[in-house]
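Now for the letters of each chain:
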Amino acid sequence: EIVLTQTPLSSPVTLGQPASISCKSSHSLVHSDGNTYLNWLQQRPGQPPRLLIYKVSNRFPGVPDRFSGSGAGTDFTLKISRVEAEDVGVYYCMQATQFRPWTFGQGTKVEIK
Amino acid sequence: EVQLVESGGGLVQPGGSLRLSCAASGFSLRSHWMHWVRQVPGKGLMWVARIDGDGSSRTYADSVEGRFTVSRDDAKNTLYLQMDSLRGEDTAVYYCAREGAGDLLCLYDYWGQGSLVSVSS
């Protein structure tokens, strides 16, 4: 099973300031088809998760451009360029390169200072 | 508009059974692989089960294999999770999630609102 480790686990951020979350994988996430199936999800309080970024750096339709993803192999990063109040929640990285199972990071809580 | 509406959660005793439903609208279940993902309240996410587009392939997490069964009713466009021999550690919010298609494989593009299952005596 692929283990995803996120840091930090908590990120207090001032409104308008950037935030960055790291996700490190226990194994390379490069699939045999050449794609890297590393996704980022956002879970607002009391809501189901929703997809933000897929295949490392692709924003899902409707996701604001202040969200960006980068990385390769085993190291990945989600960045929020300027945190807004609606960005409060828990962020998860998720790998879909190796099945079964698809696995998730433990989550990073973003809150406003 | 794509919607996934779950129902069937509740309180059950250890060893008991429960069936969750996930009614899909705005698309056909036959065109997408569907998954169940659970989340212990306040904790992280864990993949539980998957069923493919024609219902012929069903896969489970080790922790639920042999106790949970994922199925579909195409006429009702509804996904199910039959949970038997329930244990305390199965207590969680259960989400149904749609896997994308085409260029959007290997991701969840839609999620249900979640259904809470509590296993306790």
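Our subject is the structure listed above.
What comes next concerns the included structure. Note that the structure is a prediction, hence the values are computed from the model and not measured.

**Observations regarding the packing of aromatic side chains**
Point 1. Taken as a whole and assessed by the stated rule, the structure comprises seven aromatic pairs over all chains.
Point 2. On the numbers, 4.8 Å between centres and 75 degrees between planes, the contact of Phe99(A) with Trp47(B) is edge-to-face. Here Phe99(A), found in the loop between strand 9 (89-95) and strand 10 (103-104), pairs with Trp47(B), found in strand 5 (residues 45-51), and the two come from separate chains.
Point 3. By relative accessible area, Phe99(A) is classed as partly exposed at 27%.
Point 4. Positioned above the aromatic ring of Phe99(A) is the side chain of Arg50(B), whose terminal nitrogen or guanidinium carbon lies 3.8 Å from the ring centre.
Point 5. The lysine or arginine in question, Arg98(B), covers the ring of Phe27(B), its NZ or CZ lying 4.7 Å from the ring centre.

**With respect to the interface of chain B and chain A**
Point 1. Contacts between chain B and chain A engage 26 residues on the former and 19 residues on the latter.
Point 2. Around 1800 Å² of area is buried between chain B and chain A when both sides are counted, 69% of it from carbon and sulfur atoms.
Point 3. Here chain B and chain A share zero salt bridges between them.
Point 4. At the boundary of chain B and chain A, one finds five residue pairs in polar contact (both at pLDDT 80 or more).

**Overview of the environment of Ala96(A)**
Point 1. Summarising the element assignment, Ala96(A) is placed in the loop between strand 9 and strand 10.
Point 2. Among all residues touching Ala96(A), those that are not within four sequence positions of it are Tyr37(A), Trp102(A) and Cys106(B).

**Observations regarding the state of the cysteines**
Point 1. Within the structure shown, the criterion is met by two disulfides over all chains.
Point 2. What pairs with Cys22(B) in a disulfide is Cys96(B), and their sulfur atoms sit 2.1 Å apart. Here the S-S torsion is close to 65 degrees, and the disulfide linking Cys22(B) with Cys96(B) is therefore right-handed. Taken together, the residues Cys22(B) in strand 3 (residues 18-25) and Cys96(B) in strand 9 (residues 92-99) connect sequence positions 74 residues apart. Here Cys22(B) matches Cys96(B) in class, with each residue buried.
Point 3. A disulfide-free cysteine, Cys106(B) has its sulfur positioned 16 Å from the sulfur of Cys93(A), the nearest such atom.

The rules behind the values
- Residues numbered from 1 in each chain as written.
- Chains lettered and ligands numbered in written order.
- Predicted model: local features only at pLDDT ≥ 70, side-chain atom pairs only at ≥ 80, totals over all residues.
- Heavy atoms only, no water.
- Phe/Tyr/Trp six-rings, centres within 6.5 Å; stacked < 30°, edge-to-face > 60°.
- Helix = DSSP H or I, 4+ residues; strand = E, 2+ residues; numbered from the N terminus.
- Buried < 20%, exposed > 50% of the residue type's maximum accessible area, 1.4 Å probe, protein only.
- Lys NZ or Arg CZ within 6 Å of the ring centre and 35° of its normal.
- Contact = heavy atoms within 4.5 Å.
- Buried area = accessible area lost by both parts, 1.4 Å probe.
- Salt bridge = Lys/Arg side-chain N within 4 Å of Asp/Glu carboxyl O.
- Polar contact = N/O pair within 3.5 Å; in protein donor to acceptor, adjacent residues only side chain to side chain.
- Disulfide = S-S within 2.5 Å.

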